[in-house]
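Chains, contacts and geometry: an overview
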Amino acid sequence: MYDWRLLVQQRLAGLLIEGGGAAQIVEELAGHLEESYQSLLRDGLSEEAAARRALERVNDWQDLKRKLESSRNKETILNKRVSQFWFPAFLTLALSMVLLAVIQIFGPTPWVGPMPGGRLRMTPVAAVYVSWLIFLPFIGALAAYLSRRAGGRTLALFFSVVFPVFPYVAFFVIGLPLALILDDKVAHNITLPAFFVGLSAWVIFPAMALLAGGWPVHYFASRRLDAGQGSGS
Amino acid sequence: MIGTGVKKGTAELAILSVLEDRPLHGYELSRRIEAQTKGSLSFSLAALYPMLYRMEQRRWIRGTWETSSNGRRRRCYRLTPQGKKKLQPLRAEWLELFSALQRLTKVSNV
């Protein structure tokens, strides 16, 4: 005896339907397959052959899932992209930039400490930078929440969370090498280790900080969704 | 055998026409269409249900959950007054198209 509801539920895992209609769709499709299967059994097919023939009604479960989502959700694909990716991404970018500016203006003053030999050591960048890094997980969490609430999948959520580092990625990967080649006013004594320190400081660490806030939101939201689908069917 | 593009266009007409007779649930609906067209029109789940949901959103059909005698819950679809209104021009359009094709290809009994 096949558990058609469980089978459909597993194949359509992650089906996102507005208003929580996913469980009803699973029930309806499972009912269809069940009736098809019973009818084939009555026609004299073996259980295995009947199940196989019934399942032939679905060539591609991912295609079915996409079509079901687009037919039941009123939003157009364009609106979905805006709400699931572009809006959280640009909000995250704007917030992180504003935060950096605010910390620079109102944040901690540069650390000034004595060094051996009586000289003073100043680390103004570190004071601003570390404060900025501490707040980034909250921004990442907000982006993840907004993207997830709009039905964003893992990929859209990931890119909207790390979106604030994209300008720095563009700078380090495209802008700086191009400037070194084309612009004779750029210092050409940038060493490779300095390049990687910059890349780590402005791309890798901020991305990790953003994900440190965004990923738990994604994880718990996914678990809640799975639990909801499990109990709803 | 009818091609995919034409099938897609005729699917709405087929569903509305079959539901005009009586309310049906998804499986019955697909069986009936298949039987009445002698297998020329058959729906996969990916074709049938998204179309039913889209037609429901346009308020051409309405789906309600019903419990059968064996206790199984099924969603039954029925034609709405808007669906009935939509069916007449759709029929006329397709009749016109088939007549035009018949004249063009000079094939009788299309």
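Residues numbered from 1 in each chain as written. Chains lettered and ligands numbered in written order. Predicted model: local features only at pLDDT ≥ 70, side-chain atom pairs only at ≥ 80, totals over all residues.

Counting residues at the interface gives 13 residues for chain B, matched by 17 residues for chain A. Top element by residues in the side of chain B that touches chain A is helix 3 (residues 45-57) of chain B. It accounts for six residues. Here the residues of the side of chain B that touches chain A are counted per class, giving six nonpolar, two polar and five charged. (Contact = placed C-beta atoms within 7 Å. Helix = DSSP H or I, 4+ residues; strand = E, 2+ residues; numbered from the N terminus. Nonpolar A, V, L, I, M, F, W, Y, C, P; charged D, E, K, R; others polar.)

Here the focus is the sheet that holds strand 2 (residues 61-67) of chain B. Residues and elements named next belong to chain B. Strand order in the open sheet formed by three strands is 1-3-2, and the pairing between neighbours is antiparallel. Both edges of this open sheet fall to strand 1 (24-25) and strand 2, since each of them pairs with a single strand only. In this structure, strand 1 lies alongside strand 3 (residues 73-79), joined through two bridges in antiparallel fashion. By the bridge assignment for strand 3, Leu-24 is matched with Tyr-77. (Pairing = 2+ DSSP bridges.)

Residues and elements named next belong to chain B. One non-glycine residue, Lys-38, lies in positive phi territory at about 55 degrees. Examined against the element boundaries, Lys-38 turns out to sit in the loop between helix 2 (26-36) and helix 3. The class for Lys-38 is exposed, based on 7 C-beta atoms found within 10 Å. With a phi angle near 65 degrees, Arg-59 is a residue other than glycine that sits in the positive phi range. (Buried ≥ 20, exposed ≤ 12 C-beta atoms within 10 Å, placed from the backbone.)

A word on the packing of helix 1 (residues 4-11) of chain A against helix 2 (residues 22-42) of chain A. All names here are of chain A. Where helix 1 contacts helix 2, the axes come no closer than 8 Å and their chain directions differ by 125 degrees. In this view, helix 1 runs oblique relative to helix 2, as classed from their interaxial angle. Every pair of crossing elements has a handedness; the one defined by helix 1 and helix 2 is right-handed. From helix 1, Trp-4, Arg-5, Val-8 and Gln-9 reach across to helix 2, where they touch Val-26, Glu-27, Leu-29, Ala-30, Leu-33 and Glu-34. Here the contact of helix 1 with helix 2 is composed, by residue class, of six nonpolar, one polar and three charged. (Axes fitted to C-alpha atoms, helices over the stretch in contact; angles between N-to-C directions. Parallel < 35°, antiparallel > 145°, perpendicular 65-115°, else oblique. Left-handed = near helix turned anticlockwise from the far one by under 90°.)

Attention shifts here to the pairing of strand 3 of chain B. Pairing analysis gives seven bridges linking strand 2 of chain B to strand 3 of chain B, with the strands arranged antiparallel. By the bridge assignment for strand 3 of chain B, Trp65(B) is matched with Arg75(B).

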